[in-house]
Amino acid sequence: MAGLVSPDDAVLAIVGEDAVHRVEGLPGESAPVGLTLALGRLRALGVTGLRLALPAPGHPLGLSGPPEFNARALEAEEAVVCFGAAFGLVPEVYAAGPEGDVHVEVVWHVLPVREAPPADVPSLGEAERELAEALRDATEVLSKLDVAGSGPVAEAAIDAYRARAERGREVLAPGYPPRAVRVLELAQRVGLLVSLAYDNGHGGAVSSAEMGARSAALRPVERTARRAQVAAYNSIVEERERGVR
């Protein structure tokens, strides 16, 4: 949408390792269409950017309504909200193919949205500061409870993350500010640590009070990491809205 890559390159990046993505419900289209055509149609409808939403129960992060769209997005736990035209896209994921050769297909449903500021999305500066504070506080609590991720599965996940980082993988599309890349990388690292802590059972937290403290420590960190991810992905649109670009 920023004109920094071709539509075909954008589609390849969106689809990734999935088999195919289609878009259903586009104005002027009676049937689902491919992503390349959908991106062109959205631009023709006035869309100049896309915002990410990562809602969770009790936290409509990145959404602006109406309730029908919010409900669909919450069920999917993710959505895309258009900037420049009142549309949103909610993905529906299907697993297809025989056992041993299963592939993923995605249908994006286009729905009307309310043109209003997205809920609870911080600025990049706020997100970076909140991440550092949340990580410090949670690390202190989790260390006391001995619930840090450990064992071969956790170690393999951390090693895989480090390998990707060392290869210099591109975490954002061209055109994003360096701070957005830094915030997203930190948010993804924090999200990995939270996931490992959850996957590691109760760790050393054996009493109900300790397990409650563990969950209380992890919840705000996970919430902060999601907010930071949304802030990073949406930063190029926010800068354009402020007239920076």
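Scroll up a little and you will see the structure.
The structure presented is a predicted model; accordingly, all values stated were derived computationally and were not measured. Residue numbering note: each chain is counted from 1, following its sequence as written. Per-residue local features of the predicted model are confined to residues with pLDDT of at least 70, and side-chain atom pairs are confined, for both listing and counting, to 80 or more; whole-chain, interface and lining totals are unaffected and use all residues. Excluding hydrogens and water, the side-chain figures rest on all heavy atoms present in the structure.

### What about the overall build of the protein chain?
Cut-off, in case you're wondering: Only DSSP runs of H or I covering at least 4 residues are called helices, and only runs of E covering at least 2 are called strands; the numbering of each starts at the N terminus. For every accessible area listed, the method is Shrake-Rupley and the probe measures 1.4 Å; residues are considered covered only by the protein chains on display.
Helix and strand counts for the protein chain stand at seven helices and six strands. Along the protein chain, helices (α) and strands (β) appear in the sequence α-β-β-α-β-α-β-β-β-α-α-α-α when read from the amino end. When the accessible surface of the protein chain is totalled, it reaches about 13,200 Å², and 54% of it is carbon and sulfur.

### With respect to the pattern of salt bridges
Stated formally: What counts as a salt bridge is simple: a side-chain nitrogen of Lys or Arg found within 4 Å of a carboxyl oxygen of Asp or Glu. Only protein chains enter the accessibility calculation, which uses a 1.4 Å probe. A residue is then buried if its area is under 20% of the maximum for its type, exposed if over 50%, and partly exposed in between.
With the rule as written, the count across this model stands at seven salt bridges. Residue Asp120 pairs with Arg227 through a salt bridge whose shortest N-O separation is 3.0 Å. Here Asp120 is found in the loop between β6 (103–112) and α4 (124–145), whereas its partner Arg227 is found in helix α7 (residues 208–241), with 107 residues between them in sequence. Judged by relative accessible area, which is 12%, Arg227 ranks as buried. The partner of Arg179 in a salt bridge is Glu128, and the shortest N-O contact between them spans 2.9 Å. One end of the pair, Arg179, is in helix α6 (residues 178–199); the other, Glu128, is in helix α4, with 51 residues separating them in the sequence. Within this structure, Asp120, Glu130 and Arg227 form a network of salt bridges that share partners.

### Section: helix α2 (residues 35–44)
Two residues of an α-helix separated by three or four positions point the same way, owing to the 3.6 residues in each turn. What counts, and what does not: This arc corresponds to the set of directions leading from the helix axis out to the C-beta atoms. Whether two residues are in contact is decided by their heavy atoms: any pair within 4.5 Å suffices.
What α2 keeps buried is the set Leu35, Ala38, Leu39 and Leu42. Taken end-on, α2 shows its buried residues confined to a sector of 100°, consistent with a single buried face. Where α2 is buried, its residues contact α1 (7–15), β1 (20–24), β2 (33–34) and β4 (79–83). One or two residues past the end of α2 sits Gly46, with phi positive at roughly 105°.

### Thoughts on the pairing of strand β3 (residues 49–53)
Definition in use: Should DSSP find at least two bridges between two strands, the strands are regarded as paired.
Most of β3 sits out of view: four of its five residues are buried. Sheet analysis places β3 next to β4, joined by five bridges and oriented antiparallel. Of the residues in β4, the one forming a bridge with Gly49 is Phe83.

### Details of the environment of Leu186
With respect to the helices and strands, Leu186 occurs in helix α6. A C-alpha to C-alpha distance of 9.9 Å links Leu186 and Leu135, two positions 51 residues apart in sequence.

### Looking at the sheet that holds β1
Put simply, the test is: Between the N-to-C directions of two axes lies an angle of 0 to 180 degrees, each axis being a line fitted to C-alpha atoms and, for a helix, fitted only over the stretch in contact.
Pairing is mixed across the open sheet formed by six strands, whose spatial order is β2-β1-β6-β5-β4-β3. One side of each edge strand has no neighbouring strand; the edge strands of this open sheet are β2 and β3. Here helix α3 (residues 67–76) sits on the sheet and contacts β4, β5 (87–96) and β6; the angle it forms with β5, its principal contact strand, is near 35°.

### Thoughts on the environment of Glu29
For clarity, the threshold we go by: Whenever a nitrogen or oxygen atom comes within 3.5 Å of another N or O atom, the pair is scored as a polar contact, on the condition that within protein one atom can donate a hydrogen and the other can accept it, and that pairs from neighbouring residues in sequence are kept only if both atoms are in side chains.
Relative to the assigned elements, Glu29 resides in the loop between β1 and β2. Each C-alpha atom, one on Glu29 and one on Arg41, is 9.4 Å from the other, the two residues being twelve residues apart in sequence. At 2.4 Å, the side chain of Glu29 and the side chain of Arg41 are in polar contact.

### Here's the deal with the side chain of Ser64
Mapped onto the elements of the fold, Ser64 is located in the loop between β3 and α3. By relative accessible area, Ser64 is classed as buried at 13%. At a separation of 2.8 Å, a polar atom in the side chain of Ser64 contacts the main-chain carbonyl oxygen of Arg114. Not counting residues within four places of it along the chain, the set of residues in contact with Ser64 comprises Asn70, Arg114, Ala116 and Pro117.

### Considering the environment of Leu135
Looking at the element boundaries, Leu135 is found in helix α4. The exposure class of Leu135 is partly exposed, given its relative accessible area of 26%. It is 9.4 Å that separates the C-alpha atoms of Leu135 and Leu218, two residues lying 83 residues apart in sequence. When sequence neighbours within four positions are dropped, the list of residues in contact with Leu135 reads Val190 and Leu193.

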